[in-house]
Amino acid sequence: MSVSIFDSFLTTTDMIAVFDDAAIVQGMFRFEQALAAAQAEEGLIPAAAARAIAGVCNAQLYDIPALIAASRRAGSLAIPLVKELTRTVALYDKDSAAFVHWGSTSQDVVDTALVLATREALHLIDAGLARLADTLLALAETHVDTPVLARTLMQPAQVTSFGWKVLGWTAPLLRARERLREAAGRALQLQLGGAVGTLAVMGDDADAVARRLADDLGLKVADAPWHTQRDEWVRLGLEVAVLTGSLGKIATDLSLMAQGEIGELAEPSGNGRGGSSAMPHKRNPVSAMIALAAAARTPQHAASLLNTMGQQHERGLGNWQAELAEWPQLFISAHGALQALNDAFGGLAVDTGRMGRNIDALQGLIFAEALSIRLAGFIGRPAAHEFVEGLTRRAVAEGRHLADLLPEAVRAHDTLREHCDASALASLQALFDCVAAAGAARRLATRRLPQLREQAASLTKDH
């Protein structure tokens, strides 16, 4: 598969190679070679024919651009490929050429080749996920105690722990590893059905051939050909799409926290990374940018997969071909986003001082809810809410810290003055300690971290 310069920008050379034209064609030859070997072992074709076919199942022997051009007229890449394979076998053994592609059909060849490529693509994604999850778990452990602003509706809300926030990014990645493996276990199946899914040409030997062929290719034998029953295959593609969405979420948070006005995180810099052609001072979050761009493209590809599922009868007209074109794009985007985030978090700069200053700059307003709840014990919730709301408006108007206004306001309130002695007032002012405010998130992170570490270790061990 050829990709544009802009596609290449958003993915990796490794993933491009998996779905490269030569790789897919070689996968098709791998199917033909294994099919002939399985049929020879079952006595359906001569062993000499299987050897002759295997001897020329090498993509480097063929003009791949010419095969692709011919496929546009034929309606399938398999048709010119089988024709050229048959011609080439005949050059060495005319009798053996009659047994090329015996009892199979075009979709068997193409689907199985794509399954083989997808298996390699999933290995790349799994390795990238393992690396990113390990990096994030280490980052979370380092910053379990680090207070940072939690933001809702793009506005400062309360204080959380940066470690807890990072664990929130990590958990979906571990779930994705699990679900991709589960989906792959169901979807990475041999496709072998012949013309209409009955393998009529192979007769009673069809099941045995399928088992041998699947074993040779390291694939699962399908319960039945899935020429137009694409549910398990599409589910796998959708899991890749969901993963890319999760990577987009991480990239969104990273880019927002790396904004100059926020300055809590920064991607690695140097050697021209993240620079500007016009503004020398800039440190652009290019990894987040790549991940976001890759994630932005994914919903359309996922929707196209779903749209192609209404395939006609035993073989589809147009929808299968559309699915084939969409399929690699999901993996290209996912691995591009994954690699970009691995680059970013591999050298991420965390400015804990800036995190603290961003909290302090809000004049204590983010502690208003905690203050209101504590005061509700003295004067009831409605009155406490009204009291604190008025106090926050005054803090904003006067440019003062909420904690500094509190003693005077308590003394001016008849009921609160009676209940709040010096000790109680000190307890109220302790609510403005950001480290203490992050305590709930810290406790959650401390409990969750070993669970996620165990999950990550188990996934690595089982792979």
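Predicted model, so just to flag it, every value in this text is computed and none were measured. (Residues numbered from 1 in each chain as written. Predicted model: local features only at pLDDT ≥ 70, side-chain atom pairs only at ≥ 80, totals over all residues. Heavy atoms only, no water.)

## As for the side chain of Thr 105
When you line up the elements, Thr 105 lands in the loop between helix H6 (78–92) and helix H7 (106–142). Among the residues examined, Thr 105 registers a relative accessible area of 11% and is labelled buried. Every residue in contact with Thr 105, bar those within four places of it in the chain, is listed here: Gly 194, Ala 195, His 227 and Arg 315. (Helix = DSSP H or I, 4+ residues; strand = E, 2+ residues; numbered from the N terminus. Buried < 20%, exposed > 50% of the residue type's maximum accessible area, 1.4 Å probe, protein only. Contact = heavy atoms within 4.5 Å.)

## Focus on the pairing of strand S2 (residues 155–161)
In this sheet, S2 lies alongside strand S1 (residues 147–152) in antiparallel orientation, the contact comprising 6 bridges. Each residue of the ladder has a partner; that of Thr 152, found in S2, is Gln 155. (Pairing = 2+ DSSP bridges.)

## Let's talk about helix H16 (residues 402–411)
Most of H16 is tucked away: 7 of the 10 residues are buried. Those residues of H16 lying buried are Leu 402, Ala 403, Leu 405, Leu 406, Pro 407, Ala 409 and Val 410. Where H16 is buried, its residues touch helix H14 (368–379), helix H15 (381–398), helix H17 (414–419) and helix H18 (422–429).

## Brief notes about the layout of surface pockets
In this structure, the largest pocket spans a volume of roughly 620 Å³. Along the walls of the largest pocket sit 20 residues, with Ile 24, Ser 71, Leu 77, Leu 324 and Ala 325 positioned nearest its centre. For the lining of the largest pocket, the elements supplying multiple residues, two or more each, are helix H3 (21–41), helix H5 (64–74), H7 and helix H12 (319–346). There is about 370 Å³ of room inside the second largest pocket. Lining of the second largest pocket is provided by 18 residues; of these, Arg 151, Met 154, Gln 155, Leu 256 and Ile 262 occupy positions nearest its centre. The element contributing the most residues to the lining of the second largest pocket is helix H10 (residues 231–257), with 4 residues. Considered class by class, the residues forming the lining of the second largest pocket number 9 nonpolar, 4 polar and 5 charged. (1 Å grid on protein atoms, 1.4 Å probe; cavity = no way out; pocket = protein on both sides within 12 Å on 5 of 7 lines; lining within 4 Å. Points joined across faces, edges and corners; volume = space filled by probe spheres on them. Nonpolar A, V, L, I, M, F, W, Y, C, P; charged D, E, K, R; others polar.)

## Considering unusual backbone geometry
The backbone of His 101 sits at a positive phi, close to 65°, despite the residue not being glycine. Among the secondary structure elements, His 101 is positioned in the loop between H6 and H7. One non-glycine residue, Leu 153, lies in the positive phi region at around 55°. Tracing the backbone shows Leu 153 in the loop between S1 and S2. Judged by its relative accessible area of 83%, Leu 153 is exposed.

## Considering the nonpolar core
Phe 19, Leu 192, Phe 331 and Phe 345 are the most contacted members of the largest nonpolar core, which totals 112 residues. Listed in part, the 29 residues of the second largest apolar core include Ile 359, Ala 368, Ala 403 and Ala 424. (Core = buried A, V, L, I, M, F, W, Y, C linked by side-chain atoms within 4.5 Å.)

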